[in-house]
Amino acid sequence: MDYKYLASLLFKEDLKSIEEYEEIYPPRNLKEGAQVTRIAPSPTGFMHLGNLFGAITDERLAHLSDGVFILRIEDTDKKREVEGGVETILKVFNRFGLNFDEGATLGKDNGNYGPYRQRQRELIYKSYAKHLVERGLAYPCFCTEEELAKMRELQAERKENFGYYGKYAKFRDCPIEEIIKRLANGESYVLRFKSMGDAEKKVYHTDLIKGKMEFPENDQDIVLLKADGIPTYHFAHVIDDHLMRTTIVVRGEEWLATLPIHLQLFDTLGFKRPKYAHTAQLMKMDGGSKRKLSKRKDPELSLDFYHQMGYPVLSVIEYLLTLLNSNFEEWRKQNQGVSYEKFPFSAKKMSVSGSLFDTDKLNDVSKNVIAVMTETEVYDLVLSWAKDYDEEFYNLLSSDADYAKNIFAIGRGGKKPRKDIACWNEVKSYMGFFYDEIFAPDYEFPENVSKEKTLEILEEYKNIYDENADMNDWFEAICALSGKIGFAPSTKEFRDNPDKYEGNPGDTSMVLRVSMTGRQNAPDLYSVMKILGREKVISRLEKAKKYIEEAK
Ligand code: GLU
């Protein structure tokens, strides 16, 4: 058959030759070992943890090697696309501080290897498709949906492999006259690859994560261009990653099943195969067994969740790094205060089976991250979170920045900073009691102290309270007050003679803590009182007293 003639029938547009494209997108001039990676999300409007998981891997591999990190938009599936999908992708990646060297942006694409949106690359795919037709390696297939469904039924009946291959590849050797006739009739067709693969033979692959693997060769005449001329994932992946000169393709392990197709296309087109890193699925424990994270059941799969909860970006990244590279945690312990960018990230250290997502662990990591921030950093981040999610709290925080920063400074700095905040949505309940406007005490006074004594403490403390006392004097006063009301005057005295006293300075402090903060568990009481200041301290002693008296 005259394949060139066939190609000219199928492709009427004025297409560049593939040699021209090779010149437009020449091999990159990068230093030895530099990696070119890309993240290739579809604009479905839903950004999930897997996207970020992959993106961090790509970003680290590229930037640690002085390579190039690309954002490519895979918008070939119109059905799944939502309006604003690209904006969502850019917004979310930007939020996580991922810096692309090339790719789609809100404005013009950035880089010399674009366009970076697949729908704008239609003519490129067509050039390569035409080239394959000219070589007798691709052909039009006019099968209808019904015919394909029938074929499946037959294959099921015969217990044969599904798909379009061998004797089932109806249009593989269709005479040109018939093709001409069908084209003249305006029949719709897809363009299929003419596979020379043999499922009895093996194809070998060494994955950067999974190691050595082998698969049967692909013998399916897969679709390259759909009826509307838009490429399938398989074809677009091979053309794009060749022309963008990607050196490592990081993608989910669900693509392993079709890897033989991709390897075959790279080989057939004479392209150098990229390396691949197939990442394991994110899993979670559910009732004693592992399962994949699900969009329906697990809000934490969505990247929006972290924004809503107010997890600092760094917490999420550091947490994902603990999942990505098993030695990250150890490194982090030994390199406190060092940016994660200095960590020698390696694809080889990535988990071969599923990575287990664990919220408790995320919270731990996040507490560590927040614990070493300055109060100003915390203030700025909480404020920006509250601006989006809690207007009342935002107004309180911004009404007096110094007051808020003093609160955030409690237990900060020093060798053993407090680790009590995991995400910003916890902050209001953690420190809201500092604000009269939202102070909603849940008075639970210590049970071993009688109401009378509790009242006495609240009353007496008013008289001895000195807002200028240093920490020692402040505690001395509490001890003295304890002695005065018949409690042990010191913790030691109480330890030595526990039966002699009804209470001790710890109980006195607890009564004060509950009255100041409205709960038993609160940051350092001395600091709390210092920040509250005289007026609030006195009014809270009175408020608590009133509460007890009324409850009598
Ligand atoms: N658009 C594909 C996906 O979202 C990209 C896979 C790849 O990175 O090649 O799964």
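Chemist: Even after reading the chapter, I still don't get the site of the ligand, so can you show me in this structure?
Modeler: Taken together, Arg38, Ala40, Ser42, Glu74, Tyr233, Val250, Arg251 and Trp255 make up the full set of residues adjacent to the ligand. Between the ligand and the protein, one listed contact pairs a nitrogen atom with a backbone N or O atom of alanine 40 at 2.8 Å. Within the side chain of tyrosine 233, one N or O atom sits 2.4 Å away from an oxygen atom of the ligand. Relative to its unbound accessible surface of 300 Å², the ligand loses 79% to contact with the protein. If you map the ligand onto the pockets, it falls in the largest pocket. Considered class by class, the residues forming the shell around the ligand number four nonpolar, one polar and three charged.

Chemist: Sorry if this is basic, but what is going on with the packing of helix α16 (residues 401-409) against helix α22 (residues 525-551) here?
Modeler: Helix packing geometry: the angle between the two helix axes and the distance between the axes. Where α16 meets α22, the closest approach of the two axes is 9 Å, and the angle between their N-to-C directions is 120°. Judged on the interaxial angle alone, α22 and α16 are oblique. Taking contact as the criterion, the partners of Tyr403, Asn406 and Ile407 in α16 are, on α22, Ile531, Leu532 and Lys536. Here the contact of α16 with α22 is built from residues that sort into four nonpolar, one polar and one charged.

Chemist: Looking at this model, I keep getting lost on unusual backbone geometry. Mind explaining?
Modeler: Excluding glycine, most residues fall at negative phi; most peptide bonds, likewise, are trans. A cis geometry characterises the amide bond from glycine 114 onward to proline 115, with omega recorded as 0°. Note on placement: proline 115 falls in the loop between β3 (102-103) and α5 (122-134). One non-glycine residue with positive phi stands out, namely arginine 245, at about 60°. Structurally, the position occupied by arginine 245 is in the loop between α8 (233-243) and β9 (248-252).

Chemist: What exactly am I supposed to notice about the environment of arginine 95 here?
Modeler: By the element assignment, arginine 95 lies in helix α4 (residues 85-95). On the basis of relative accessibility, which here comes to 22%, the residue arginine 95 falls in the partly exposed class. For the pair arginine 95 and valine 313, spaced 218 residues apart in sequence, the C-alpha to C-alpha distance is 7.4 Å.

Chemist: In this structure, what is going on with the side chain of lysine 462? I would like to understand it.
Modeler: Relative to the helices and strands, lysine 462 is located in helix α18 (residues 451-464). Note on lysine 462: relative accessible area 19%, which makes it buried. Within polar-contact distance, the side chain of lysine 462 engages the side chain of glutamate 542 at 3.3 Å. When residues no more than four places from it in sequence are discounted, the contact partners of lysine 462 are Arg534, Ile538, Leu541 and Glu542.

Chemist: What should I look at first to understand helix α15 (residues 391-399) in this one?
Modeler: Quick reminder: α-helices carry 3.6 residues per turn. Residues three or four places apart thus point the same way. Residues of α15 that are buried include every one of Phe393, Leu396 and Leu397, and no others. Seen along its axis, α15 keeps its buried residues to an arc of 95°; they face one direction. Exposed residues lying more than 90 degrees from the buried face of α15 are Glu391 and Ser399. Looking at the buried residues of α15, the elements they touch are α14 (375-389), α16 and α17 (427-431).

Chemist: What am I meant to see in the pattern of salt bridges here?
Modeler: Two side chains that carry opposite charge are able to pair once their charged atoms sit near each other. Scanning the entire structure with this criterion turns up 39 salt bridges. A salt bridge links glutamate 81 to arginine 119; its shortest N-O distance comes to 3.2 Å. Of this pair, glutamate 81 sits in the loop between β2 (68-71) and α4 while arginine 119 sits in the loop between β3 and α5, and the two are 38 residues apart along the sequence. For lysine 284, the salt bridge identified is with aspartate 298, shortest N-O distance 3.1 Å. Of this pair, lysine 284 sits in strand β11 (residues 282-286) while aspartate 298 is found in the loop between β12 (289-292) and α10 (303-309), placing the two residues 14 residues apart along the sequence. We classify lysine 284 as buried; its relative accessible area is 17%. Residue aspartate 298 is classed as buried on the basis of its relative accessible area of 2%.

The rules we used
- Residues numbered from 1 in each chain as written.
- Predicted model: local features only at pLDDT ≥ 70, side-chain atom pairs only at ≥ 80, totals over all residues.
- Heavy atoms only, no water.
- Near = heavy atom within 4 Å.
- Polar contact = N/O pair within 3.5 Å; in protein donor to acceptor, adjacent residues only side chain to side chain.
- Areas by Shrake-Rupley, 256 points an atom, 1.4 Å probe, with all protein chains shown as cover.
- 1 Å grid on protein atoms, 1.4 Å probe; cavity = no way out; pocket = protein on both sides within 12 Å on 5 of 7 lines; lining within 4 Å.
- Sits in = over half its atoms within 2 Å of the grid points.
- Nonpolar A, V, L, I, M, F, W, Y, C, P; charged D, E, K, R; others polar.
- Axes fitted to C-alpha atoms, helices over the stretch in contact; angles between N-to-C directions.
- Helix = DSSP H or I, 4+ residues; strand = E, 2+ residues; numbered from the N terminus.
- Parallel < 35°, antiparallel > 145°, perpendicular 65-115°, else oblique.
- Contact = heavy atoms within 4.5 Å.
- Buried < 20%, exposed > 50% of the residue type's maximum accessible area, 1.4 Å probe, protein only.
- Arc of directions from axis to C-beta.
- Salt bridge = Lys/Arg side-chain N within 4 Å of Asp/Glu carboxyl O.

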